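# Structural characterization, general
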Number of protein chains: 4
Amino acid sequence: MKKNPEEIAEDYFGCNDRERAAFELGIKLGALFHQFVGAPVSSENIEVLERAIEKTTERQAFVKNAEVHIIPKGLERRTESVFHDYTTLSGDMLDATVEVDFKGINAKGRLKYVEELDYPLMYIEYIK
Amino acid sequence: MKKNPEEIAEDYFGCNDRERAAFELGIKLGALFHQFVGAPVSSENIEVLERAIEKTTERQAFVKNAEVHIIPKGLERRTESVFHDYTTLSGDMLDATVEVDFKGINAKGRLKYVEELDYPLMYIEYIK
Amino acid sequence: MKKNPEEIAEDYFGCNDRERAAFELGIKLGALFHQFVGAPVSSENIEVLERAIEKTTERQAFVKNAEVHIIPKGLERRTESVFHDYTTLSGDMLDATVEVDFKGINAKGRLKYVEELDYPLMYIEYIK
Amino acid sequence: MKKNPEEIAEDYFGCNDRERAAFELGIKLGALFHQFVGAPVSSENIEVLERAIEKTTERQAFVKNAEVHIIPKGLERRTESVFHDYTTLSGDMLDATVEVDFKGINAKGRLKYVEELDYPLMYIEYIK
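To start, this report covers the structure provided alongside it. (Residues numbered from 1 in each chain as written. Chains lettered and ligands numbered in written order. Predicted model: local features only at pLDDT ≥ 70, side-chain atom pairs only at ≥ 80, totals over all residues. Heavy atoms only, no water.)

### A short note on the overall build of chain A
Going by this rule: Here a strand is any run of E in DSSP of at least two residues, a helix any run of H or I of at least four, and the numbering for each starts at the N terminus. Accessibility here uses a 1.4 Å probe with only protein chains present; expressed as a share of the type maximum, an area under 20% marks a residue as buried, one over 50% as exposed, and anything in between as partly exposed.
Looking only at helices and strands, chain A has three helices and six strands in total. When the helices and strands of chain A are read in sequence order from the N terminus, they spell out α-α-β-α-β-β-β-β-β. Considering only C-alpha atoms, chain A reaches an extent of 65 × 35 × 20 Å along its principal axes. Buried positions account for 59% of the 128 residues belonging to chain A.

### Here we look at the sheet that holds strand β5 (residues 105-114) of chain A
All names here are of chain A. Quick reminder of the rule: Here, a strand pair is defined by DSSP locating no fewer than two bridges between the strands. To obtain an axis, a line is fitted to C-alpha atoms, over the contacting stretch when the element is a helix, and the angle between two such axes runs from 0 to 180 degrees between their N-to-C directions. Whether two residues touch is decided by their heavy atoms; if any such pair falls within 4.5 Å, the residues are in contact.
Read from one edge of the open sheet, four strands run β2-β4-β5-β6, paired in antiparallel fashion. The sheet terminates laterally at β2 (63-70) and β6 (119-127), the two strands that pair on one side only. Each strand of the sheet is rotated relative to its neighbour by a mean of 10°, with strand direction disregarded. Pairing of β5 with β6 involves eight bridges; the strand directions are antiparallel. Across the sheet, the residue bridging to Gly-109 is Ile-124, located in β6. Across the face of the sheet, helix α2 (residues 17-36) comes into contact with β2, β4 (94-102), β5 and β6 while running at roughly 145° to β4.

### A look at the relation of the copies chain A and chain C
To keep things clear, this is the line we draw: In superposing the copies, a least-squares fit is computed on C-alpha atoms, taking residues whose pLDDT is at least 70 in both.
Note on the identical chains: chain A maps onto chain C by a rotation of 180° and an axial translation of 0.0 Å, with an RMSD of 0.0 Å. Viewed as a symmetry operation, the transformation between the two copies matches a two-fold axis. A share of 100% of interface residues in chain A that are also interface residues in chain C marks the association as one of identical surfaces.

### Description of the interface of chain A and chain C
Interface size is commonly expressed as the accessible area that is lost once the parts come together. Here is the rule we go by: In short, buried area is how much 1.4 Å probe accessible area vanishes from two parts on joining, totalled over both. When a carboxyl oxygen of Asp or Glu lies within 4 Å of a side-chain nitrogen of Lys or Arg, that pair is called a salt bridge. Amino acid classes used here: Ala, Val, Leu, Ile, Met, Phe, Trp, Tyr, Cys and Pro are nonpolar; Asp, Glu, Lys and Arg are charged; the rest, including Gly, are polar.
Taken residue by residue, the interface counts 30 residues in chain A and 30 residues in chain C. For the pairing of chain A and chain C, the buried interface totals around 2800 Å² over both sides, and the portion due to carbon and sulfur atoms is 68%. At the surface where chain A touches chain C, the tally comes to two salt bridges. Listed by contribution, the elements that provide at least two residues to the side of chain A that touches chain C are α1 (5-10), α2 and β6 of chain A. Per-element accounting of the side of chain A that touches chain C gives the leading share, 12 residues, to α2 of chain A. Classifying every residue of the side of chain A that touches chain C gives 20 nonpolar, six polar and four charged.

### A word on the packing of helix α2 (residues 17-36) of chain B against helix α3 (residues 46-58) of chain B
All names here are of chain B. Rules: Here the angle decides the label: under 35 degrees means roughly parallel, over 145 means roughly antiparallel, 65 to 115 means roughly perpendicular, and every other value means oblique. Each crossing gets its handedness from the near helix: less than a right angle anticlockwise from the far helix is left-handed, clockwise is right-handed.
Closest axis-to-axis distance for the α2/α3 pair is 11 Å, and the angle between their directions is 140°. With respect to their mutual orientation, α2 and α3 come out oblique. Our pair here, α2 against α3, has a crossing hand that is right-handed. Taking contact as the criterion, the partners of Lys-28, Leu-32 and Phe-36 in α2 are, on α3, Leu-49, Ile-53, Thr-56 and Thr-57.

### Considering the sheet that holds strand β6 (residues 119-127) of chain C
Across a sheet, paired strands are connected by hydrogen bonds in the backbone, their directions being either parallel or antiparallel. Residue and element names in this part refer to chain C. An order of β2-β4-β5-β6 is seen for the four strands of this open sheet, with the pairing classed as antiparallel. On the outer flanks of this sheet lie β2 (63-70) and β6, each paired with one strand and no other. On average, adjacent strands in this sheet sit at an angle of 10° to one another, irrespective of strand direction. Here β2 pairs with strand β4 (residues 94-102) via seven bridges, running antiparallel. Looking across to β4, one finds that Ile-70 is bridged to Leu-94. Each of β2, β4, β5 (105-114) and β6 touches helix α2 (residues 17-36); the most contacted strand, β4, lies at about 145° to it.

### Observations regarding the interface of chain A and chain D
Stated precisely, the cut-off is as follows: Two N or O atoms form a polar contact when they lie within 3.5 Å of each other; inside protein one atom must be a possible hydrogen donor and the other a possible acceptor, and for residues adjacent in sequence the pair counts only when both atoms belong to side chains.
Tallying the contact residues gives 14 residues for chain A and 14 residues for chain D. Buried area between chain A and chain D, summed over both chains or domains, comes out near 1200 Å², and the portion from carbon and sulfur atoms is 59%. Where chain A touches chain D, the interface holds zero salt bridges. The tally of links between chain A and chain D comes to four residue pairs in polar contact (both at pLDDT 80 or more). For the side of chain A that touches chain D, the secondary-structure elements that each account for two or more residues are α2 and β6 of chain A. Per-class residue counts for the side of chain A that touches chain D are eight nonpolar, four polar and two charged.

Okay, here's the thing in structure tokens:
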């Protein structure tokens with residue numbers, strides 16, 4: 001019987017299904033960070049940028065849901081100057097939650113700036 | 001008298017205002033290409049991605065208007081597989097028009113795949 | 001006793017150490033894909049770009065080793081034209097191997113174009 | 001007589017050669033900023049990243065020379081933690097000079113953080 005693409009892909013993996021779910025979460029969080037950091041952001045386009053990051057993430061393999069909030073750091077200094085009307089998106093402005101479903105295993109991950117670490121941490125909330 | 005930010009910036013430039021307008025157009029087209037190429041795109045998120053590219057471009061200095069169309073190449077092969085449900089945005093899928101206004105000079109530029117060149121060309125339609 | 005940053009981070013995680021290792025691998029592969037796809041590449045700069053991707057990946061948390069090969073697809077059409085002297089890096093040109101060590105657990109992952117899937121697959125070779 | 005690619009491209013442009021040179025400079029500076037911002041950077045990989053940005057820029061149409069320096073801001077806080085061993089490249093860490101030659105017209109542009117503006121300014125040094 002001919003294998004479907006998911007089965008062909010599975011033959012490449014040397015890990016169990018929960019580890020696979022964790023791996024898929026990591027891919028999506030690493031991807032969204034490095035795809036969108038650097039984008040020009042202002043109070044006028046925060047929402048459309050949040051939706052675009054969500055919708056591009058949700059198209060990727062095994063993603064069930066994505067929620068993105070951009071924290072408008074650095075926008076408060078805003079002046080009438082054309083140069084200060086926006087900032088570039090940085091990792092510490094992102095609060096992103098991604099849920100994957102791999103063969104019935106649900107895993108939820110998050111990218112969030114952790115003040116105590118002064119670092120935009122990507123972590124797994126749960127796998128179940 | 002204190003200079004405003006635009007005047008401070010102008011002191012750095014060794015060119016005339018039309019050349020400056022051309023330069024600003026180039027920046028915006030180069031930026032949007034390299035910021036968004038690689039993003040996952042499917043028929044479900046094309047529109048929100050188009051709006052996000054427009055809105056992030058419009059926030060940048062001197063931009064009056066931006067219009068972006070994504071040509072859905074490579075999405076027709078779509079199957080039920082989770083791997084083929086989307087493609088990654090490439091330069092030849094982008095048709096983007098940007099207008100800048102620098103001190104009353106209007107310049108319009110475009111990024112468009114030119115079949116004859118097999119190349120996503122960035123060009124200036126006019127400066128006036 | 002004061003916790004160190006790694007311990008503070010661990011409190012955020014709801015998964016075991018092998019799953020964490022899998023997650024860290026995913027982050028690195030997702031990151032390198034979306035950071036570098038779109039970069040201009042030609043036979044003259046393939047090597048320096050490969051080294052840059054390796055070295056930027058190796059600086060990230062828990063990475064022991066990274067190896068990157070860029071397959072020069074699309075460069076053979078090369079002509080004397082300034083437009084065809086290079087191409088932009090796409091996912092199917094990347095063959096990247098990343099090894100992480102999380103608390104003694106070794107995990108190896110890879111990004112490679114799989115012809116049978118017509119897809120740049122990211123997978124875990126092993127976790128041990 | 002058959003037109004070459006450069007001639008085909010020129011038919012799209014509604015501007016003079018100096019403006020074209022300015023436009024090409026803008027493209028390259030916008031491109032390098034948005035391609036590489038977000039990359040992980042540490043004292044160990046600054047040099048290879050600088051060379052990669054130079055070499056990818058130099059492959060693009062009409063570029064004669066590119067020089068890139070990364071100012072290691074944010075690396076001084078370095079500790080023994082795996083999270084603080086690097087930072088992500090931001091626009092204000094970049095000092096990049098690009099020279100283009102379009103039909104004998106030489107133009108030099110630069111991306112540099114300007115303290116007075118608190119802004120990574122892209123500007124044209126000269127066109128001649």
